[in-house]
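Report on the structure
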Amino acid sequence: MYETEKENLKRFKDYIVEILRPSYIKTFLSTYLGKEIKERILAEENTSVTSAAEMLLQNLLNLEAIGWFQAFLDELLAKEYRGLWEAIREWDFKKLEDMRDHKALLHHVEASFTKHIKPIEVVSYMPTCFSPRECEEIKAITQQKGQIAGAEKLTECLKRSDKTNWFKLLKMALEEGSFTIALQLLDPDTENSGKEVGDVESNGDTATVRFEYREDPGADDLVGDLNQMGLTENQDKVTGGSAFLEPSKPPGVRKLRAYQRELAVPAFEGKNTIICAPTGSGKTIVALAISEHHLKSKADQKPKIVFMATKVDVYEQQYKLFKEHFNRTDEDVRITGLCGDMGEQISLEIIAETNDIIILTPQILVNALNRKDLPSLSVFSLLIFDECHNATRKHPYNVLMASYLDSKLSHRKESLPQIVGLTASVGVGTFKYQQEAENNICQLCANLDASIISTVNDNKEELLSFVYVPEKDFFEVEKRSGDPFIAIIHNITSRIEVLAKKEYDIESLSHIENRDYGTQKYEQWIVDVQKRCKVLQLEDKEKESRVCRALFNYTEHLRKYNDALIINEDARSKDALDYLKAFFDQVRQAGFDETERRLTACFDTEYPHLLQLSQQGQQNPKLEQLKYILDEEYRNDEQTRTVMFVRTRALADALKNWIEETDTLKFLKPGVLIGRACKSNQTNSGMTLNSKKGVLESFKTSDQSKILIATSVADEGIDIPQCNLVLMYEYVGNVVKMIQVRGRGRAKGSKCFLVSDRKERIEKERLNILREKIVEKAIAHLRQSKESMQAKIDIFQREDKRIRDHANSMPERPRTNGNFELLCAKCKKFACFSDDLRVGQEGSHHIVVDRSIFNRCERSPHPNPRRFGHLEKKMKMFCKHCKNDWGIVATYMNIEDMPVIKIESFVARNCSTNVQHYFRKWKEVTFAIRQFDIADIKPF
């Protein structure tokens with residue numbers, strides 16, 4: 001009896017034992033195997049889950065009881081082994097076979113992967129991949145033994161998973177949680193976007209600060225209280241119906257200051273204008289006045305205004321300010337805000353029709369134009385660009401203005417909106433001389449189609465009475481020399497490299513050279529080696545597995561030592577050692593293989609000496625200088641409020657600890673303000689928007705915290721009137737950033753100090769001060785030579801359009817008219833012909849007009865149905881044979897049940913040559929696709 005079942009169980013044994021955990025089916029064990037055998041199996045599981053599963057399978061083969069096989073299947077299904085249950089029921093293990101490559105990849109990168117995730121958070125993003133018991137076990141182990149141990153348990157569960165979509169869901173979870181390094185380990189094509197804004201990039205001997213544009217809910221800029229923006233106790237909040245324009249006003253309401261009105265005049269006259277004024281001068285207040293004037297002066301023309309902010313935090317605050325202002329002044333003004341994916345939920349054209357002012361992030365407007373959701377920018381009458389110096393290269397601001405300029409220079413018969421830009425400086429690009437600065441400014445003006453730069457000239461005295469420019473000074477510090485702590489770390493790092501080379505020639509994996517220890521370039525080398533190691537192939541698969549795991553362990557430890565050297569350079573040796581100790585504590589709690597035992601033993605051997613040096617070794621001269629500055633400033637004025645800018649999150653934490661552990665400084669009770677974009681580092685996952693607001697509010701309103709330590713998250717937009725000391729600790733940027741950082745000091749008598757042991761950084765900041773003067777002279781000269789300025793702008797605009805037209809005229813890669821079969825990428829079952837594909841009006845949706853495809857797929861309700869443009873998502877579409885995700889079923893142009901597929905789910909087979917091709921993106925396909933026509937639709 002059950003001979004066929006037993007034979008098949010033996011045949012497919014390898015698949016079963018690598019998935020099944022006997023302790024999860026205890027009820028079956030007790031009922032059919034008896035207590036003694038059950039206890040032996042469970043005891044074996046404590047040593048090896050796979051061995052225990054093999055023991056269980058061997059005992060199943062000896063069973064003769066009626067109904068045991070069905071009971072076994074029922075127990076598998078009840079304990080959520082659905083994939084294994086289905087495979088055994090159908091005796092078809094192809095789906096489980098297809099998982100093996102992904103499990104092997106996870107096994108190879110496990111040593112590094114487990115150090116770059118937060119397991120409880122990952123589970124929350126993909127709960128369907130784990131049973132309730134697994135979720136509880138992962139949570140318990142994480143809480144008891146730490147993040148790495150929990151991550152190892154999570155990885156173990158995934159390597160034994162029978163869920164067909166676990167790998168896809170894992171990558172989505174890592175992306176959702178911003179676990180960038182872990183995602184890169186699984187997907188080499190993932191862009192390295194996990195660095196914090198303001199991370200240091202090394203270029204030879206010169207270090208520069210990199211500031212990126214990001215538009216997402218986790219953006220790194222936090223703006224302060226906009227009710228304070230541009231306002232002091234001498235200028236009340238904006239209230240009343242005639243706050244800006246009318247001479248009569250309600251009690252407590254003030255009109256624009258004279259310098260603010262001077263800034264606004266060209267925009268009041270309807271001219272395209274860049275408003276350039278210092279941080280804290282109230283440019284947002286000026287923007288509100290311009291908006292109010294625009295609505296009133298063009299009331300008979302149905303004016304529409306868009307105010308754009310580059311960061312979501314800024315968007316939220318500006319939206320709140322606009323709403324509050326117009327609720328007081330004119331409740332009939334209709335205002336709405338859009339950020340994130342809100343722009344896809346309803347047509348932007350409809351939103352524009354039903355609102356007078358729209359506050360949004362610029363990518364939403366770019367997307368709407370790309371998918372023809374909005375006919376053109378002529379829908380609006382005024383566009384306001386906050387931080388308009390970003391309108392360069394491929395920034396969304398510049399993409400929008402390229403569309404604007406194409407309409408203007410093509411002499412299309414459509415009205416274009418007025419353009420107003422707001423910035424603290426137009427000192428964009430690189431320049432040495434005034435002529436170069438003028439060219440850069442004219443290029444920015446050309447990009448924004450603005451020939452007027454509005455600055456304060458007639459009311460400078462009033463401006464200076466409200467906006468204080470901090471006194472700037474530099475403290476060049478001697479470098480530490482002959483530090484034995486550094487020498488030991490270098491020695492350990494060198495020994496690890498030797499061990500790694502014994503496993504494999506790692507030099508052949510990466511060509512990055514001149515990589516000194518303790519630099520960003522060494523970090524880049526580690527990333528490159530890990531990326532190439534992931535796809536390393538050897539004939540001996542067992543050796544391949546061992547080598548890859550070992551190399552990931554070695555390089556992960558090299559990464560930690562490199563981080564420690566970077567921390568040691570700017571903070572204490574104690575902070576660097578604490579960083580390493582925390583890492584090894586987690587490694588020990590998690591349990592480790594032979595390679596990690598060897599590496600941990602290496603650290604343990606050197607630890608006593610490192611500890612002694614960290615406690616008794618030489619002090620960091622930079623910290624001694626910093627202590628002197630803080631002691632002096634707070635001795636002279638105990639009410640001092642300080643913002644200190646640093647380059648990295650780890651350094652922010654280290655300096656916080658140093659202040660709290662220094663007797664003469666602990667009274668400062670430091671707060672830390674960092675971003676939240678990157679969660680790859682478990683020890684420093686960043687801050688939520690609410691926590692940032694809490695720290696900032698405490699610093700602004702409490703007598704407790706007297707110093708705020710911040711990364712670049714705070715260098716733009718935060719308004720702290722009480723701040724009178726700005727410290728730049730090895731923190732240098734370009735001219736625009738220098739002005740923004742300096743502008744954090746708003747109080748009268750403010751000071752701004754740069755502390756550095758690198759002459760090149762101090763020299764760069766001195767050059768920034770000179771460049772600021774050059775920019776001021778360039779603006780003055782351009783204002784005096786308006787015709788020459790306009791001529792340059794015209795030349796730049798025509799040349800840029802010529803370049804765009806040339807790029808657009810370049811022929812696309814020729815596509816064949818031959819027919820292709822689209823096969824499911826997982827099971828190679830036929831789906832449809834390329835001749836039955838059509839591209840939608842938006843150019844992004846690819847529709848199958850032969851609806852017999854429904855005979856070859858399954859459908860289920862879409863988890864997030866919504867409408868954008870002409871398309872409304874209704875259902876998900878999966879391969880009938882392997883459940884591979886093919887795309888969606890949608891209502892398109894009011895036509896129901898239209899299959900919309902994604903090319904990465906398919907393999908294209910040339911019907912003539914039988915050659916197969918895999919395309920990751922639609923733009924890569926080599927066959928022609930016609931435009932959608934309702935007449936082409938074939939019946940189901």
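Since we're looking at a predicted model, the values are computed, not measured. (Residues numbered from 1 in each chain as written. Predicted model: local features only at pLDDT ≥ 70, side-chain atom pairs only at ≥ 80, totals over all residues. Heavy atoms only, no water.)

Moving on, we come to the overall build of the chain. Across its full length, the chain carries 32 helices and 27 strands. Here the chain holds 940 residues, and the buried ones make up 55% of them. Within the chain, contacts between residues separated by at least 24 positions form 71% of all contacts whose residues are at least 6 apart in sequence. Accessible surface, the chain: about 41,500 Å² in total, of which carbon and sulfur atoms supply 48%. (Helix = DSSP H or I, 4+ residues; strand = E, 2+ residues; numbered from the N terminus. Buried < 20%, exposed > 50% of the residue type's maximum accessible area, 1.4 Å probe, protein only. Contact = heavy atoms within 4.5 Å. Areas by Shrake-Rupley, 256 points an atom, 1.4 Å probe, with all protein chains shown as cover.)

What follows deals with the nonpolar core. One finds L84, F113, L174 and M644 to be the most contacted residues of the largest nonpolar core, which totals 128 residues. Looking at which element gives the most residues to this core, the answer is helix α24 (residues 541-570), with eleven residues. Sequence-distant contacts of M644, that is, excluding residues within four places in its chain, are made with L626, L655, I659, I707, L708, I709, A710, L727 and Y729. Within the second largest apolar cluster, 47 residues are counted, among which are V306, I351, L365 and F380. (Core = buried A, V, L, I, M, F, W, Y, C linked by side-chain atoms within 4.5 Å.)

Moving on: the sheet that holds strand β6 (residues 357-360). Reading across from one edge, β5-β6-β4-β7-β8-β3-β9 is the order of the seven strands in this open sheet, with parallel pairing throughout. Both outer strands of the open sheet, β5 (335-338) and β9 (452-454), are each paired with one neighbouring strand and no more. With strand direction ignored, the average angle separating the axes of adjacent strands in the sheet is 20°. Judged from the four bridges that link them, strand β4 (residues 305-308) and strand β7 (residues 382-386) form a sheet pairing that is parallel. Bridged to M308 within β7 is F385. Taken strand by strand, helix α15 (residues 283-297) contacts β3 (273-276), β4, β6, β7 and β8 (418-423), and its axis lies near 165° from that of β8. (Pairing = 2+ DSSP bridges. Axes fitted to C-alpha atoms, helices over the stretch in contact; angles between N-to-C directions.)

Our next topic: the side chain of D563. Position of D563 among the secondary structure elements: in helix α24. Despite its burial, D563 pairs with no opposite charge, the nearest such side chain being K560 at 4.7 Å. Reaching out from D563, the side chain makes a polar contact with the side chain of Y579 at a distance of 2.7 Å. (Lys, Arg positive; Asp, Glu negative; His and termini not counted. Salt bridge = Lys/Arg side-chain N within 4 Å of Asp/Glu carboxyl O. Polar contact = N/O pair within 3.5 Å; in protein donor to acceptor, adjacent residues only side chain to side chain.)

Along helix α1 (residues 3-11), the residues that are buried comprise K6, N8 and L9. Each buried residue of α1 lies within a common arc of 165° when the element is viewed along its axis, so the set occupies one face. Facing away from the buried side of α1 by over 90 degrees, the exposed positions are E3, T4 and R11. Structurally, α1 contributes buried residues whose contacts are with α2 (13-17), α5 (49-60) and α6 (68-78). (Arc of directions from axis to C-beta.)

Now for the sheet that holds strand β25 (residues 906-910). Sheet architecture is open: four strands sit in the order β17-β16-β25-β26, paired in antiparallel fashion. Two strands lie at the open edges of the sheet, namely β17 (830-833) and β26 (916-917), each paired on one side alone. Across five bridges, the pairing between strand β16 (residues 820-824) and β25 is antiparallel. Each bridged residue has a counterpart across the sheet, and for L822 the counterpart in β25 is A908.

With that out of the way, let us pick up the packing of helix α10 (residues 132-145) against helix α11 (residues 147-159). Relative orientation of the contacting elements α10 and α11 amounts to 160°, with a least axis distance of 6 Å. By the criterion of interaxial angle, the relationship of α10 to α11 is roughly antiparallel. Between α10 and α11 lies a crossing of right-handed hand. For the pair α10 and α11, the contacting residues are E134, E137, I138, I141, T142 and K145 in the first and Q147, A149, G150, K153, L154 and C157 in the second. Broken down by class, the residue content of the contact of α10 with α11 amounts to five nonpolar, three polar and four charged. (Parallel < 35°, antiparallel > 145°, perpendicular 65-115°, else oblique. Left-handed = near helix turned anticlockwise from the far one by under 90°. Nonpolar A, V, L, I, M, F, W, Y, C, P; charged D, E, K, R; others polar.)

It is worth spelling out the pattern of salt bridges at this point. According to the stated counting rule, one finds 58 salt bridges in the structure shown. In this structure, the salt-bridge partner of K296 is E292, at a minimum N-O distance of 3.7 Å. One end of the pair, K296, and the other, E292, are both in helix α15, four residues apart, so they sit about a helical turn from each other. The partly exposed category is assigned to K296, whose relative accessible area is 41%. The salt bridge partner of E799 is R802, with a shortest N-O separation of 2.6 Å. Of this pair, E799 and R802 are both found in helix α32 (residues 786-809), three residues apart, which corresponds to roughly one turn of the helix.

By the secondary structure assignment, R257 is in the loop between β2 (206-209) and α14 (258-268). No salt bridge is formed by the buried R257, whose closest oppositely charged neighbour, E462, lies at an N-O distance of 5.7 Å.

With respect to the helices and strands, K560 occurs in helix α24. On the basis of relative accessible area, K560 is assigned to the buried category, the value being 9%. Between the alpha carbons of K560 and T493 there is a distance of 9.8 Å; along the sequence they are 67 residues apart. Not counting chain neighbours up to four residues away, the residues in contact with K560 comprise Y579, L580 and F583.

All right, on to the pairing of strand β24 (residues 895-901) then. In terms of burial, β24 is a largely internal element, five of the seven residues being buried. Across five bridges, strand β23 (residues 885-892) lies against β24 in antiparallel orientation. Bridging across to β24, Y892 finds its partner in I895. From the end of β23 to the start of β24, which pair antiparallel, there are two residues, and M893 there has a positive phi angle of about 50°.

Now for the environment of S425. Within the element layout of this structure, S425 appears in the loop between β8 and α20 (434-448). For S425, a relative accessible area of 4% gives the class buried. Sequence separation of S425 and H389 is 36 residues, and the distance between their C-alpha atoms is 7.3 Å. Engagement of the side chain of S425 in a polar contact is seen with the backbone nitrogen of G427, the distance being 3.0 Å.

Turning our eyes to something else, we now look at the packing of helix α4 (residues 35-45) against α5. Remark: α4 packs on α5, axes separated minimally by 7 Å, with the N-to-C direction vectors making an angle of 155°. By the angle between their axes, α4 is roughly antiparallel relative to α5. Where α4 abuts α5, its residues I37, R40, I41, E44 and E45 lie against V49, S51, A52, M55, L56 and N59.

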